[in-house]
Amino acid sequence: MWEDHEVKKPCPFIAVEGAIGAGKTTLATMLAERFNFPLLKEIVEENPFLDKFYQNIEEWAFQLEMFFLCNRYKQLEDTVKNYVSRGMPVVSDYHIYKNWIFAQRTLQGNKREKYRQIYHLLTDDLPKPNVIVYIQAELATLLKRIEKRGRSFEQDIDPGYLERLIEDYETAITQIKAREPETVVITIDGNTLDFVEHPEHFEQIVAQIKEHL
Ligand SMILES: Nc1ncnc2c1ncn2[C@@H]1O[C@H](COP(=O)(O)OP(=O)(O)O)[C@@H](O)[C@H]1O
Ligand SMILES: Nc1nc2c(ncn2[C@H]2C[C@H](O)[C@@H](COP(=O)(O)O)O2)c(=O)[nH]1
């Protein structure tokens, strides 16, 4: 149980967010290790639609978004059962809202409306993270990191798509701040803070998070 407080604060459910390649998985893994919290990690490599999606977004968007949604729903259901409902902290490399951020960008018309209804049915009653670590990164940074990560199906991602996602994330974070004032949002400058190469940058982030735990 999480009972390490003089003033009662909620048990940490931390989500690391940011656009593709911002450094979510890397930072979430480092934070989980540092705080000794269980890590909830995105399933990417086994996704059967990602490759096809990047070749033809319009054709494959609905299948891909549904696959991500169902996978994350199952993962979060397990996380709630195993950790959150038992008062145990957890760190995740995504927020469930990510599904809707992407779906608004990739789906149109009837399919978007069908997806919206299913998204709300599945997620409205799920516990949401109470701390969001948002890694803000510009296009040049994302492109560099995507190249560094080297997944073949991501190497030809349209920079315009990434640019729009950067804007979508900015909008989404602003909306979350307004809608959920109780959620702590910590914004990290992913362009200048290099927590991979510079341990002192990581320590800076840890100190910022500790203030809210
Ligand atoms: N702050 C950083 N500085 C330098 N390289 C980074 C940084 N964060 C992540 N990386 C590298 O960039 C690539 C993408 O990071 P990753 O954590 O997979 O991003 P995301 O999960 O947001 O898509 C990886 O190769 C990782 O090692
Ligand atoms: N269309 C969507 N694509 C998604 C979603 N979640 C992840 N992704 C893509 C983006 C990357 O190519 C890859 C891994 O994601 P990272 O954010 O960890 O880089 O999968 C989604 O919900 N919809």
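Note that this is a predicted model, so its numbers are computed, not measured.

**Q** Can you help me understand the side chain of R151 in this one?
**A** Mapped onto the elements, R151 comes out in the loop between helix 6 (139-149) and helix 7 (159-179). Residue contacts for R151: discarding those within four places in its chain leaves V44, E45 and I146.

**Q** What am I meant to see in the site of ligand 2 here?
**A** Taken together, 17 residues lie near ligand 2, and K24, Y54, E65, R72 and E154 sit nearest. Take R72: an N or O atom from its side chain is 2.7 Å from a nitrogen atom of ligand 2. Residue K98 places a side-chain N or O atom 2.9 Å away from an oxygen atom belonging to ligand 2. Here ligand 2 has 480 Å² of accessible area as a free molecule, and 99% of this is covered by the chains. Every element with two or more residues in the shell around ligand 2 is listed here: helix 2 (50-55), helix 3 (57-82) and helix 4 (98-106).

**Q** Please clarify how the packing of helix 4 against helix 5 (residues 109-123) should be interpreted in this entry.
**A** Two quantities define a packed helix pair, namely the angle between the helix axes and the distance between the axes. The contact between helix 4 and helix 5 brings their axes to 10 Å, and the two run at 175 degrees. Considering the angle they form, helix 4 stands roughly antiparallel to helix 5. Each of N99, W100, A103 and Q104 in helix 4 lies in contact with helix 5, whose residues at this interface are R112, Y115, R116 and Y119. For the contact of helix 4 with helix 5, the residue count by class is four nonpolar, two polar and two charged.

**Q** Even after reading the chapter, I still don't get the confidence of the model for the protein, so can you show me in this structure?
**A** Segments scoring low in pLDDT should not have their predicted coordinates read at a detailed level. Per-residue confidence for the protein gives a mean pLDDT of 94, with 97% of residues at or over 70. This complex was scored by the predictor with a pTM of 0.95 and an ipTM of 0.97.

**Q** What am I meant to see in the site of ligand 1 here?
**A** Taken together, 14 residues sit near ligand 1, with G23, K24, T25, T26 and R149 positioned nearest. Between ligand 1 and the protein, one listed contact pairs an oxygen atom with a backbone N or O atom of A22 at 3.2 Å. One nitrogen or oxygen atom from the side chain of T25 is found 2.8 Å from an oxygen atom belonging to ligand 1. Here ligand 1 loses 87% of its free accessible area of 560 Å² to cover by the protein chains. Taken together, the residues of the shell around ligand 1 break down into five nonpolar, four polar and five charged.

Criteria and cut-off values
- Residues take numbers from 1 onward in each chain, read along the sequence in its written order.
- Written order determines the labels here, with chains lettered from A and ligands numbered from 1.
- Under the rules for a predicted model, residues below a pLDDT of 70 receive no local features and side-chain atom pairs below 80 are neither given nor counted, while totals for whole chains, interfaces and linings still include all residues.
- Think of the side-chain values as coming from all heavy atoms in the structure, minus any hydrogens and water.
- Numbering of helices and strands runs from the N terminus, with a helix taken as a DSSP run of H or I at least four residues long and a strand as a DSSP run of E at least two residues long.
- Contact between two residues is taken to exist if any of their heavy atoms lie within 4.5 Å; hydrogens are not considered.
- Working definition: residue near molecule or strand if any one of its non-hydrogen atoms lies within 4 Å of it.
- Between N or O atoms, a polar contact is any pair within 3.5 Å; within protein, one atom must be a potential hydrogen donor and the other a potential acceptor, and residues adjacent in sequence are included only when both atoms are from side chains.
- Accessibility throughout is a Shrake-Rupley quantity obtained with a 1.4 Å probe, and a residue counts as covered only by protein chains that appear here.
- Here an angle of 0 to 180 degrees is reported between the N-to-C directions of two axes, which are lines fitted to C-alpha atoms, with helices fitted over the stretch in contact.
- Roughly parallel refers to an angle under 35 degrees, roughly antiparallel to one over 145, roughly perpendicular to one between 65 and 115, and oblique to any angle outside these ranges.
- Each residue is assigned to one of three groups, with Ala, Val, Leu, Ile, Met, Phe, Trp, Tyr, Cys and Pro labelled nonpolar, Asp, Glu, Lys and Arg labelled charged, and all others, Gly among them, labelled polar.
- Per-residue confidence from the prediction method is given by pLDDT, with values spanning 0 to 100.

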